[in-house]
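Fold and contact review
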Amino acid sequence: MVSAFTQTTHKGNVTTFFFLGFNNTAVYNLLLFTLVLIIYIVTICGNLLIIMLVYFSKTLHSPMYFFLTQLSISDIILITDIAPHMLHIVLHERTSISFSEFCGPNVIDHLFCDFNPLVELSCSDTSRVQMEVTLLCVPVLIFPFLVIMVSYTYIVLTILKISSFSGRLKSFSTCSSHLTVVFIFYGTLIAAYLVPKKGQSQTISKIRSLLYTVFTSFVNPFIYSLRNKDIKDSLKT
């Protein structure tokens, strides 16, 4: 079945890759397409709203809200890089991209051109590349995650010193929502790039990719910004 989709040059090099998506029924794919499209639209609108509020409201001209706008811009870039092509793959069931430096199978059982599914199709020895990715995970994933955990440890210790029970409860509620997003984002990334892939379900891998690319970009504006009192006050005015 794979050979039916293979397109090669006269030298035998693969020039086109085909994506399988979730490879399910048309009804299922249509529901998934609708869900991802709604998430994409809400993410773009929510993050643009935050950027505009911070830009036009003088009460939000502070370093914290400046960094929140950077988070919004990053979320817009991330989801726009992934979601449109993912929607195309889901809607058309199979789609392709042009590519060459490969010579064997060219069907990628994934939703977008992620690193691991692509490397699995390489005809050459990829052990060095995979080792480099593992080493890069330390400064890019592990170190930032540990810094965040240490920071929230100090935050929790500070919250415990609050005399008011309602104040502690409100602070814990905010921290727990922040930490939930952090664990989903870094947890799925660590699972994708550090946990051994042997025996893993492809469906789980695809869902995991959706979590760290689409879902976190979707919930970030609600968790970090739109629940903020100053942001709410700016919306009212």
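Here the structure is a predicted model, which means the values were calculated and not measured.

Looking only at helices and strands, the chain features seven helices and three strands. Counting from the amino terminus, helix and strand elements in the chain follow one another as β-α-α-β-β-α-α-α-α-α. Taken across its 237 residues, the chain has 38% of its residues classed as buried. Taking the contacts inside the chain whose residues are at least 6 apart along the sequence as the reference set, 73% of them involve residues at least 24 apart. A total accessible area of about 14,000 Å² is found for the chain, and carbon and sulfur atoms account for 69% of it.

Turning to a positive patch on the surface, a few remarks are in order. A cluster of basic side chains, namely Lys 170, Arg 227, Lys 232 and Lys 236, defines a positive patch on the protein surface. Looking at the secondary structure, you find Lys 232 in helix 7 (residues 229–236). Its relative accessible area of 42% is what places Lys 232 among the partly exposed residues.

Moving on, we come to the confidence of the model for the chain. In the predicted model, the chain carries a mean pLDDT of 79, and 82% of its residues have values of at least 70. Looking over the chain, one finds the lowest element-wise mean pLDDT in strand 2 (residues 95–98), namely 60, and the highest in helix 1 (residues 26–56), namely 88. Across residues 1–11, confidence stays below pLDDT 50; counting only partners more than four residues off in sequence or on other chains, it has 19 contacts.

Another point: a nonpolar patch on the surface. A grouping of Val 150, Tyr 154, Leu 157, Leu 160 and Phe 172 is seen on the molecular surface, where their side chains present a nonpolar patch of about 500 Å² in accessible area. Sort the elements by how many residues they give to the nonpolar patch and helix 4 (residues 127–159) lands first, with three residues. For Leu 157, the location among the structural elements is in helix 4. Here Leu 157 falls in the partly exposed class, since its relative accessible area comes to 45%.

Two numbers describe how helix 1 lies on helix 2 (residues 63–92): the axes approach to 9 Å, and their chain directions differ by 160°. Viewed along their axes, helix 1 and helix 2 adopt a mutual orientation that is roughly antiparallel. With respect to the hand of their crossing, helix 1 and helix 2 are arranged in left-handed fashion. Of the residues belonging to the contact of helix 1 with helix 2, the class tally is 21 nonpolar, six polar and one charged.

Definitions and limits used
- Residues numbered from 1 in each chain as written.
- Predicted model: local features only at pLDDT ≥ 70, side-chain atom pairs only at ≥ 80, totals over all residues.
- Heavy atoms only, no water.
- Helix = DSSP H or I, 4+ residues; strand = E, 2+ residues; numbered from the N terminus.
- Buried < 20%, exposed > 50% of the residue type's maximum accessible area, 1.4 Å probe, protein only.
- Contact = heavy atoms within 4.5 Å.
- Areas by Shrake-Rupley, 256 points an atom, 1.4 Å probe, with all protein chains shown as cover.
- Patch = residues over 30% accessible without salt bridge, like charges linked within 9 Å, V, L, I, M, F, W, Y side chains within 5 Å.
- Salt bridge = Lys/Arg side-chain N within 4 Å of Asp/Glu carboxyl O.
- Lys, Arg positive; Asp, Glu negative; His and termini not counted.
- Charge placed at Lys NZ, Arg CZ, Asp CG, Glu CD.
- pLDDT = per-residue confidence, 0-100.
- Axes fitted to C-alpha atoms, helices over the stretch in contact; angles between N-to-C directions.
- Parallel < 35°, antiparallel > 145°, perpendicular 65-115°, else oblique.
- Left-handed = near helix turned anticlockwise from the far one by under 90°.
- Nonpolar A, V, L, I, M, F, W, Y, C, P; charged D, E, K, R; others polar.

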